Amino acid sequence: MENLKVTPLYEEHLKLNAKMVDFAGFHMPISYTSIKDEHEAIRNNVGMFDVSHMGEILVIGKDSEKYIEFIFTNKVNELKNGEINYGMMLNKNGTVVDDLLVYKISDESFLLVVNASNIAKDYTHIVEQTNGFDVLVKNMSEDYAEIAVQGPKTEVKIKEALDIDLSDLKFFNFKEYTFNDHDLIISRTGYTGEDGFEIYGDHSIIVEIWKILVDNNVTPCGLGSRDTLRFEANLPLYGHEISDEITPIEAGLKYFVKIDSEVDFLGKDALLDQIENSLTRRVVGLELNKQAIPREGYKVFKNDKEIGYITTGYLSISTGKPIALAMINRPFTKKGTEVSVQIRNKMIPGFIRNKKFLKETK
Amino acid sequence: MSKILEGLYYSNDHEWVKVLEDDVVLIGITDFAQSELGDVVFVDLPEEGDELVQGEEFGAVESVKAASDLLAPVSGEIIEVNEDLVGEPEKVNQEPYEAWFLKVKLNDPKELDKLLDHKAYKEEISE
């Protein structure tokens, strides 16, 4: 393992016979038994991911709120202590540095949770923007371990297994808890489209909690199902639907950008200009008319003209349909537009559709 | 440990070939291949009447995560495609040596000599 990092749960993954892969510089489980079973455990019951590879960056100081407001696309001034917002950090040209969660601890203290693959880049970006702000930035990524427990039965299971009552914790809120004399931060957040919680703590307590949850039949889930679940819920993944070559407007994430507010933020001018003058492409939903799998990178055509590419696609485990998110040139982004996807040497017909993939499961 | 059956021919690309008559064979993928792939969700196969050329791509077997090309272990005409796999691709995981993909009439049965026997294939996957 050439310089690959491992998380504090590495030994547990090996004990569970996980299939391991390299991801964002970490040795991570892709699945333990089957991606399909893990996916279904979370849709119908309860499962958990080791997400200790995620980055945690703490911003403290007098100007924290004003500063986060400047580097983050979503609203910060409306957040109360204990509330969380999802949004992005942008380059000056409007493209995405990373997407992240902002946890408001107090007016002078915020925790930013960022993608593992971007920790170093994000930290540099964040520090670079601090000029003129009275803030201190600390990369806490090595201190925190994290697991995400997800699925409709999570709240009941956590009460049963850990005796922690999370019934009054609202969606996108967090609180501090103690468990066996260790401090935890628990938030009602996730990346699956299901109810669930993310638990942050020191390495030893997270390993202990993981073991207790395994003993209580919470299904360990790997990166494979993490991707199929987030995709069906139309949640973007950095490097796919968003990147440093894609703006939030192109990605269809304008909802998470305070573009109509008075507040100035890095990248705002570029986005305003793009909306006004130069939006040439957008991420849309796509479905094939016949059985085939539209995978990432496959080209999309209208007649003989290339009009875009698949950013993520699967034979959906929850709906059974061959569906994808795709970056498509305008005006072919209109719902119902007939297109074809090149799969190996065949052109497979399909159409542009909405991104509410999960709405049609039941 | 992956299951390997005696009496079959194997390719380096993890396909098996079972001789039914002198020049008629079934083709599928090995237990090792299915376990590497994980949940098989789709098998993309050519049509009856199409020609296979040894060593050339003829379709793909797709798991949740990835598409994996199928390379023809022999040359010949496809005389039957296993349509059961359309509705039940999971059979490839459950019974890899029962879930055949294609029935092929060989152009040249001598091509089988270029394939591995069960012992050589066992060595191949234990490397």
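Bear in mind that the values here come from a model prediction, so they are computed numbers and not experimental data.

Secondary structure assignment for chain B yields four helices and nine strands. Along the chain direction, N to C, the helices and strands of chain B fall in the order β-β-β-α-β-β-β-β-β-α-α-β-α. Taking 14 Å as the expected radius of gyration for a compact globule of 127 residues, we find that chain B reaches 13 Å, a close match to that expectation. By principal-axis analysis of the C-alpha atoms, chain B measures approximately 35 × 35 × 20 Å. With 127 residues in all, chain B has 40% of them scored as buried. Long-range pairs, those at least 24 residues apart, make up 61% of the contacts in chain B between residues at least 6 apart in sequence.

Attention now goes to the nonpolar core. Counting residues in each nonpolar core, the largest one holds 126 residues, and the members touching the most others are Val102, Leu112, Ile147, Val149 and Ala326 of chain A. Excluding residues that lie within four positions of it along the chain, alanine 326 of chain A makes contacts with Val283, Val284, Leu286, Val300, Gly308, Tyr309, Ile310 and Thr311 of chain A.

Before going further, it helps to examine the interface of chain A and chain B. Facing the 14 residues of chain A at the interface are ten residues of chain B. When residues of the side of chain A that touches chain B are traced back to their parent elements, those giving at least two are helix H2 (35-44), helix H7 (223-232) and strand S16 (305-315) of chain A. Residue composition of the side of chain A that touches chain B, by class: six nonpolar, five polar and three charged.

To continue, consider the environment of glutamate 77 of chain B. Residues and elements named next belong to chain B. Its location among the elements puts glutamate 77 in strand S8 (residues 76-81). Along the sequence, glutamate 77 and isoleucine 27 sit 50 residues apart, while their C-alpha atoms lie 12 Å from each other. In this structure glutamate 77 touches Gly49, Glu51, Val104 and Lys105, once residues within four positions along its chain are discounted.

A few words on the environment of isoleucine 275 of chain A. Residue and element names in this part refer to chain A. Take isoleucine 275: it is sitting in helix H8 (residues 268-278). Take isoleucine 275: there are 15 C-beta atoms within 10 Å of it, and that puts it in the partly exposed class. C-alpha separation for the pair isoleucine 275 and isoleucine 249, spaced 26 residues apart in sequence, amounts to 7.5 Å.

Assigned domains of chain A: these are domain 1 (10-52 + 143-232), domain 2 (55-139) and domain 3 (280-360). Computed over C-alpha atoms, the centres of domain 1 of chain A and domain 2 of chain A are 24 Å apart.

Residues and elements named next belong to chain B. Read from one edge of the open sheet, six strands run S1-S2-S3-S9-S8-S5, paired in antiparallel fashion. Single-partner strands in this sheet number two, and they are strand S1 (9-10) and strand S5 (51-52). Where S1 lies against strand S2 (residues 15-21), two bridges are found, and the strand directions are antiparallel. Residue pairing for S2: tyrosine 10 is matched across the bridge by tryptophan 16.

Before going further, it helps to examine the sheet that holds strand S4 (residues 55-60) of chain A. All names here are of chain A. The strand order across the open sheet formed by five strands is S5-S6-S7-S4-S8, and the pairing between neighbours is antiparallel. If you trace the sheet from one side to the other, it starts and ends with strand S5 (84-90) and strand S8 (136-139), each paired once. With direction set aside, neighbouring strand axes in the sheet form an average angle of 30°. As paired elements, S5 and strand S6 (residues 96-106) share seven bridges and run antiparallel to each other. Residue pairing across strands places methionine 89 opposite aspartate 98, the latter belonging to S6. With respect to the sheet, helix H4 (residues 119-128) is in contact with S4, S5, S6, strand S7 (109-114) and S8, its orientation differing from that of S4 by roughly 15°.

What follows concerns the pairing of S7 of chain A. Residues and elements named next belong to chain A. Counting buried residues along S7, five of its six residues qualify, which places the element largely inside the surrounding structure. In terms of strand pairing, S4 meets S7 through six bridges, oriented antiparallel. The partner of valine 59 across the bridge, within S7, is phenylalanine 110. The pairing of S6 with S7 spans six bridges and is classified as antiparallel.

Further remarks concern the environment of arginine 281 of chain A. Residue and element names in this part refer to chain A. You can see arginine 281 is positioned in strand S14 (residues 281-288). Since 20 C-beta atoms lie within 10 Å of it, arginine 281 is described here as buried. Separated by 29 residues in sequence, arginine 281 and isoleucine 310 place their C-alpha atoms 13 Å apart. Among residues more than four places away in sequence, those in contact with arginine 281 are Glu250, Gly308, Met327, Ile328, Asn329 and Arg330.

On to H2 of chain A. For an α-helix, 3.6 residues make a turn, and residues three or four places apart therefore share a direction. Counting buried positions along H2 of chain A gives seven out of ten residues, so the element sits mostly inside the fold. Buried residues in H2 of chain A make contact with strand S2 (26-31), strand S3 (47-50), strand S9 (145-150), strand S13 (219-220) and H7 of chain A.

Rules of the game
- Residues numbered from 1 in each chain as written.
- Chains lettered and ligands numbered in written order.
- Predicted model: local features only at pLDDT ≥ 70, side-chain atom pairs only at ≥ 80, totals over all residues.
- Helix = DSSP H or I, 4+ residues; strand = E, 2+ residues; numbered from the N terminus.
- Rg over C-alpha atoms; globule rule 2.2 N^0.38 Å.
- Buried ≥ 20, exposed ≤ 12 C-beta atoms within 10 Å, placed from the backbone.
- Contact = placed C-beta atoms within 7 Å.
- Core = buried A, V, L, I, M, F, W, Y, C linked by C-beta atoms within 7 Å.
- Nonpolar A, V, L, I, M, F, W, Y, C, P; charged D, E, K, R; others polar.
- Domains from an automatic or database assignment.
- Pairing = 2+ DSSP bridges.
- Axes fitted to C-alpha atoms, helices over the stretch in contact; angles between N-to-C directions.

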